[in-house]
Amino acid sequence: MSAALAAVLAGVLLVAGGFALGRLTARRGGRDVHDLGTPVERATFRTLHTASLAAPPLRAGLTEDTARRAARRLRSLLGTEALCLTDRTAVLAWDGPGAAHHRDRVMERVAGPLASGRGQSVRVDCADPDCPLRWAVIAPLTGEDGVLGTLVAYGSQESAVLARAATEVARWVSVQLELAELDRSRTRLMEAELRALRAQISPHFIFNSLAAIASFVRTDPERARELLLEFADFTRYSFRRHGDFTQLADELRSIEQYLALAGARFGDRLQVTLQVAPEVLPVTLPFLCLQPLVENAVKHGLEDSRTTCRVTIAARDAGAEAVVTVEDDGVGMDPDVLRAVLSGERPGTSGIGLSNVDERLRQVYGDAYGLVAETAVGAGMKVTVRIPKYRPGVHRGTP
């Protein structure tokens, strides 16, 4: 099932939910808040509400824990006597009566649908005359890699309505599982890009920093010691293993350490101005998304030029957002070249980490929050980052 189909089905649910909630709001002034009018409207609202409760655990993937939390909602959604969820090898969850009589035979019954990917309805025999379960509808749960498991809905008698309903609910569950896989793929991609960024920055920076520190070992041992401590703190932060996010205060502290090491190398040629509003220091942002911008400014301001370069780093409060700018008055860049760098068309060229940072910002906050860069040949460069102060799923990790 494609991501496009997942988006379409999610959109249908949102439209239907918006309709139901809109009717609820419209009636709130003169009638009871739970009175949605017609029986169809009430049934629609109940269905959407139950589906919304079942979705969050499924969006975490198909496991014993998520299946257990979703099974009760799915059984309520279908209105069936019992419901079972399986993966390809075992029963993950059972909700309703009859587990003692039927659970042991579930995997035997679902073997055919697991192999073929086609649902089926079967009569289930039970020696207990009081057992209400006499019929089962088996619907496969599918994903990009084929059949992931099954949804088994148990009823007291054969029912074409239950068969159709179970099939549709299984399709909806499959969409949630596919979205869960997309989330995991996105997380893996971000982790890979962060590792790539570390690998890209580290050889360039480590070599130059150690060379600068070495130059002070004999002439100024105390400064060499201080720089080594800065170097140790910087690398400890840059190569930490936990947490996709950090606070702006921590990122700026790491930048100060980087600039101290760069200053040891370039001396008075590097002039830095920091303008930071205290209000934005606690803002959470993706880990290592500002330091590459500063390194890029130093590279283009000094390594590609023999003149003095001024780098200005500013962080200001903009209501619901924090706005960070990194500006240099160095050699600048052709705008067409910069566009190629940001689009990934020129990997390994100038623009250290810019495309990586731009992509990670867009993944976390959406396309409206990519890097905004202003530059021209001989006119320096200014890069602006807007960071929402509050965004679901964005929280500081453990360093």
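Residues numbered from 1 in each chain as written. Predicted model: local features only at pLDDT ≥ 70, side-chain atom pairs only at ≥ 80, totals over all residues. Heavy atoms only, no water.

Draft legend 1. Focus on the packing of helix α10 (residues 335-342) against helix α11 (residues 354-365). Following both chains from N to C, one finds α10 and α11 inclined at 60 degrees, their axes separated by 8 Å at the closest point. In terms of orientation, α10 lies oblique with respect to α11. Along its contact with α10, which presents L338, V341 and L342, the element α11 presents L354, S355 and D358. The residue inventory of the contact of α10 with α11, partitioned by class, reads four nonpolar, one polar and one charged. (Axes fitted to C-alpha atoms, helices over the stretch in contact; angles between N-to-C directions. Helix = DSSP H or I, 4+ residues; strand = E, 2+ residues; numbered from the N terminus. Parallel < 35°, antiparallel > 145°, perpendicular 65-115°, else oblique. Contact = heavy atoms within 4.5 Å. Nonpolar A, V, L, I, M, F, W, Y, C, P; charged D, E, K, R; others polar.)

Draft legend 2. Highlighting the packing of aromatic side chains. A complete count under the given rule lists three aromatic pairs for this structure. Ring centres 4.9 Å apart and planes at 35 degrees place the aromatic pair W94 and Y154 in the tilted group. Within this pair, whereas W94 is found in strand β2 (residues 91-95), its partner Y154 is found in strand β5 (residues 146-155), the two being separated by 60 residues in sequence. Per residue, the accessibility class of W94 equals that of Y154, and both read buried. One cation-aromatic arrangement involves R386 over Y369; the distance from NZ or CZ to the ring centre is 4.5 Å. (Phe/Tyr/Trp six-rings, centres within 6.5 Å; stacked < 30°, edge-to-face > 60°. Buried < 20%, exposed > 50% of the residue type's maximum accessible area, 1.4 Å probe, protein only. Lys NZ or Arg CZ within 6 Å of the ring centre and 35° of its normal.)

Draft legend 3. Region of the structure containing the environment of D145. Secondary-structure assignment places D145 in the loop between β4 (135-143) and β5. As a C-alpha pair, D145 and E178 span 33 residues in sequence and 9.8 Å in three-dimensional space.

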